[in-house]
Amino acid sequence: MRVISWNVNGLRACQRRGAFLDWLESSGAFVAGVQEVRARSRDLPPELAAPPGWHTAFCEAERAGYSGVGLYARRAPDRIETALAAPALDREGRLQLAHFGRLVVANVYFPNGKGTARDNSRVPYKLRFYRALFARLRALRSQGRRLLVMGDFNTAHREVDLARPRENRGISGFLPVERAELDRWLAAGFADTFRRFESGPGHYSWWSQRSGARERNVGWRIDYVLASRAALRFVRGAFISQQVRGSDHAPVGVDLDPDICK
């Protein structure tokens, strides 16, 4: 059972650039979560909003053309939650918690810490979002749910997770305070599924669109699938599909034992 996450950098644009629907059909996904949809569901063409054979749901930002997440599932979720009960955090359309039996898939577009002036002014907001979501997930874990947290985390965790760590130490996405937040999640029992299978360098999920960065593989690994302890024993593999185009991000995902839902 395959679960995939992809920051599509504009869902309609991804379809134009790389045939999103062709990828979706060939991906083998049971669930595919997308981030940075950048369109209201009513403005999506029908083939993107509700392709045959898929159950879909979208969570939109209040601001048009900004943020947003979407879910494509072969089976209808039991329910989907989209709020952290904090209006300042919920208005940007960054979260879906999809329940499939005991499995909860969190499809998340974590905030970028960079402000409009290309400074680090949004880092406090980013960390507030991380911590509020962590608290919500902790409550679900206490109820015996098996959690997968997937999406664009907008943070590279270790030096091995980006091509040029020294040059980016002062940049949001690799600040010590951001990396420490991921440390906290892992210390609390979440596992970075990709690193369970691959410890080496050169595995990235995002590349700048300037200077041929993707062709030279000068990238960052900022897209993850984290698994709670209860979910990890059902994980059979993890991957980054670097060959898939259509966005400045690559899809990431896991293969699971289907019993994870039971």
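Use the structure listed above.
Worth saying up front: this structure is predicted, and the values here are computed from it rather than measured.

Observations concerning the layout of surface pockets
Stage number 1. Here the largest pocket defines a volume of roughly 1,200 Å³.
Stage number 2. What lines the largest pocket is a set of 42 residues, among which Asn 112, Lys 114, Arg 118, Asn 154 and Trp 206 lie closest to the centre.
Stage number 3. Looking at the lining of the largest pocket, its residues break down into 12 nonpolar, 16 polar and 14 charged.
Stage number 4. Its volume calculated, the second largest pocket comes out at about 220 Å³.
Stage number 5. Contributing to the lining of the second largest pocket are 13 residues, with Gln 209, Arg 214, Arg 245, Ser 247 and Asp 248 lying nearest its centre.
Stage number 6. Residue classes in the lining of the second largest pocket are distributed as two nonpolar, six polar and five charged.

Some points on the sheet that holds strand S7 (residues 103-109)
Stage number 1. The strand order S5-S6-S7-S8-S12-S9 describes an open sheet built from six strands, whose pairing is mixed. Of all strands in the sheet, those with a lone pairing partner are strand S5 (79-81) and strand S9 (191-192), marking the two edges.
Stage number 2. Bridge count between S9 and strand S12 (residues 223-227): two bridges; the pairing is antiparallel. Residue Asp 192 lies in a different strand from S12, and its bridge partner there is Leu 226.
Stage number 3. Where helix H6 (residues 176-187) meets the sheet, its contacts fall on strand S8 (146-152), S9 and S12, and the angle it forms with S12 comes to roughly 25°.

Structural notes on the sheet that holds strand S2 (residues 29-35)
Stage number 1. Reading across from one edge, S3-S4-S2-S1-S14-S13 is the order of the six strands in this open sheet, with mixed pairing throughout. Since the sheet does not close on itself, it has two edges, and those belong to strand S3 (55-59) and strand S13 (235-240), each with one partner. Each strand axis lies, on average, 15° off the axis of its neighbour in the sheet, ignoring direction.
Stage number 2. Looking at chain direction, strand S1 (residues 2-7) and S2 are connected through six bridges and run parallel. Counted as the bridge partner of Asn 7 is Gln 35 from S2.

What to know about the pattern of salt bridges
Stage number 1. The tally for this structure, following the rule as stated, stands at 19 salt bridges.
Stage number 2. Measuring nitrogen to oxygen at the nearest pair gives 3.3 Å for the salt bridge that ties Glu 181 to Arg 131. Residue Glu 181 is located in helix H6, and its partner Arg 131 is located in helix H5 (residues 123-142); the two are separated by 50 residues in the primary sequence.
Stage number 3. A salt bridge links Arg 221 to Asp 161; its shortest N-O distance comes to 2.8 Å. Of the two residues, Arg 221 sits in the loop between strand S11 (219-220) and S12 while Asp 161 sits in the loop between S8 and H6, which places them 60 residues apart along the sequence.

What to know about the side chain of Asp 152
Stage number 1. Tracing the sequence through the fold places Asp 152 in strand S8.
Stage number 2. Although Asp 152 lies buried, it forms no salt bridge, and the closest oppositely charged side chain, Arg 94, sits 7.3 Å away as judged by the N-O distance.
Stage number 3. Among the polar contacts listed, one links the side chain of Asp 152 to the side chain of Asn 7, at a separation of 2.9 Å.
Stage number 4. Among the polar contacts listed, one links the side chain of Asp 152 to the backbone nitrogen of Asn 154, at a separation of 2.9 Å.
Stage number 5. Those residues in contact with Asp 152, other than ones at most four positions away along the chain, are Asn 7, Gln 35, Val 108, Tyr 109, Phe 110, Ile 222, Asp 223 and His 249.

Quick notes on the nonpolar core
Stage number 1. Of all hydrophobic cores here, the largest spans 29 residues; its most connected members are Val 3, Val 31, Phe 100, Leu 148 and Val 254.
Stage number 2. Beyond its immediate chain neighbours, meaning those up to four positions away, Val 3 contacts Val 31, Val 105, Leu 148, Met 150, Val 252, Gly 253, Val 254 and Leu 256.

Definitions and limits used
Residues numbered from 1 in each chain as written. Predicted model: local features only at pLDDT ≥ 70, side-chain atom pairs only at ≥ 80, totals over all residues. Heavy atoms only, no water. 1 Å grid on protein atoms, 1.4 Å probe; cavity = no way out; pocket = protein on both sides within 12 Å on 5 of 7 lines; lining within 4 Å. Points joined across faces, edges and corners; volume = space filled by probe spheres on them. Nonpolar A, V, L, I, M, F, W, Y, C, P; charged D, E, K, R; others polar. Pairing = 2+ DSSP bridges. Helix = DSSP H or I, 4+ residues; strand = E, 2+ residues; numbered from the N terminus. Contact = heavy atoms within 4.5 Å. Axes fitted to C-alpha atoms, helices over the stretch in contact; angles between N-to-C directions. Salt bridge = Lys/Arg side-chain N within 4 Å of Asp/Glu carboxyl O. Buried < 20%, exposed > 50% of the residue type's maximum accessible area, 1.4 Å probe, protein only. Lys, Arg positive; Asp, Glu negative; His and termini not counted. Polar contact = N/O pair within 3.5 Å; in protein donor to acceptor, adjacent residues only side chain to side chain. Core = buried A, V, L, I, M, F, W, Y, C linked by side-chain atoms within 4.5 Å.

Nothing here speaks to function; it is all geometry.
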